[in-house]
Amino acid sequence: MELFKIDQELTQSLLSALQEKECNLSSDDLAAVIEEIKERVLSHSVHLLISQIESILDISPNLSERDILQKVAKSVVEYLGAEAATLRIYDPFRERLVVFGSFPDWETDRKETISPEDTIAGEVLKSRQCYLVPDIAKEEKFSEDKKQKMAGKGVHSMLAIPI
């Protein structure tokens, strides 16, 4: 299986979108553009990913677990161009998700522990699947107060990933 295979449906969708913008390419020309993107953009992205992984691997194991995860959160923010990252660990004794690393430190009003019930982090914990929130304003698991706080910080979407 080719990692970055572009199927016919996606190719046709791209061709239609370009035609709507009055950019008329033949199927062969579009295929050439797709190949160029795969060679240049994906190669660049993979290089950046490898650099981030190397920087994470360079984190000193002599640091505390919290300091290590703080540095991992910073690395995630830098790589994704995100506003913030928070790493939570499940504490089975308290049955709570505990903040164990975050970046930047502007989230001082963030709860140190949250319930795994009716939260996105809890959903990710249970399902072991990523959870994408493309528009926080429409997310049912966030209170109106939380939505306003997030918007005030320039955060409008979210991706929760189990690690």
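Above: the structure in question.
Computed from a predicted structure; not experimentally measured.

K.L.:
Would you explain the pairing of strand β2 (residues 96-103) in this entry?
P.N.:
As a general feature of sheets, a regular strand has side chains that alternate between the two faces. For β2, the tally of buried residues reaches six of eight residues, placing the bulk of the element in the interior. Connecting the antiparallel pair strand β1 (residues 85-91) and β2 is a turn made up of four residues, with Glu95 showing a positive phi of about 55 degrees. The sheet contact formed by β2 and strand β3 (residues 113-114) spans two bridges and is antiparallel. Pairing of Leu97 across the sheet is with Ile114, part of β3.

K.L.:
Quick question: what am I supposed to make of a nonpolar patch on the surface here?
P.N.:
A surface patch of nonpolar side chains, about 610 Å² in accessible area, is lined by Leu48, Leu49, Ile53, Leu57, Val76, Tyr79 and Leu80. Top element by residues in the nonpolar patch is helix α2 (residues 27-57). It accounts for four residues. Checked against the element boundaries, Leu57 lands in helix α2. Judged by its relative accessible area of 66%, Leu57 falls in the exposed class.

K.L.:
Any chance you could explain unusual backbone geometry here in plain terms?
P.N.:
Among all residues save glycine, negative phi is the norm, and among peptide bonds the norm is trans. The omega angle of the peptide bond from Phe103 to Pro104 is -10 degrees, so this bond is cis rather than trans. In this fold, Pro104 is placed in the loop between β2 and β3. Of note, Asp118 is a non-glycine position whose phi angle comes to about 55 degrees, a positive value. Checked against the element boundaries, Asp118 lands in the loop between β3 and α4 (120-127).

What counts, and where the lines are drawn
Residues numbered from 1 in each chain as written. Predicted model: local features only at pLDDT ≥ 70, side-chain atom pairs only at ≥ 80, totals over all residues. Heavy atoms only, no water. Buried < 20%, exposed > 50% of the residue type's maximum accessible area, 1.4 Å probe, protein only. Helix = DSSP H or I, 4+ residues; strand = E, 2+ residues; numbered from the N terminus. Pairing = 2+ DSSP bridges. Patch = residues over 30% accessible without salt bridge, like charges linked within 9 Å, V, L, I, M, F, W, Y side chains within 5 Å. Areas by Shrake-Rupley, 256 points an atom, 1.4 Å probe, with all protein chains shown as cover. Salt bridge = Lys/Arg side-chain N within 4 Å of Asp/Glu carboxyl O.

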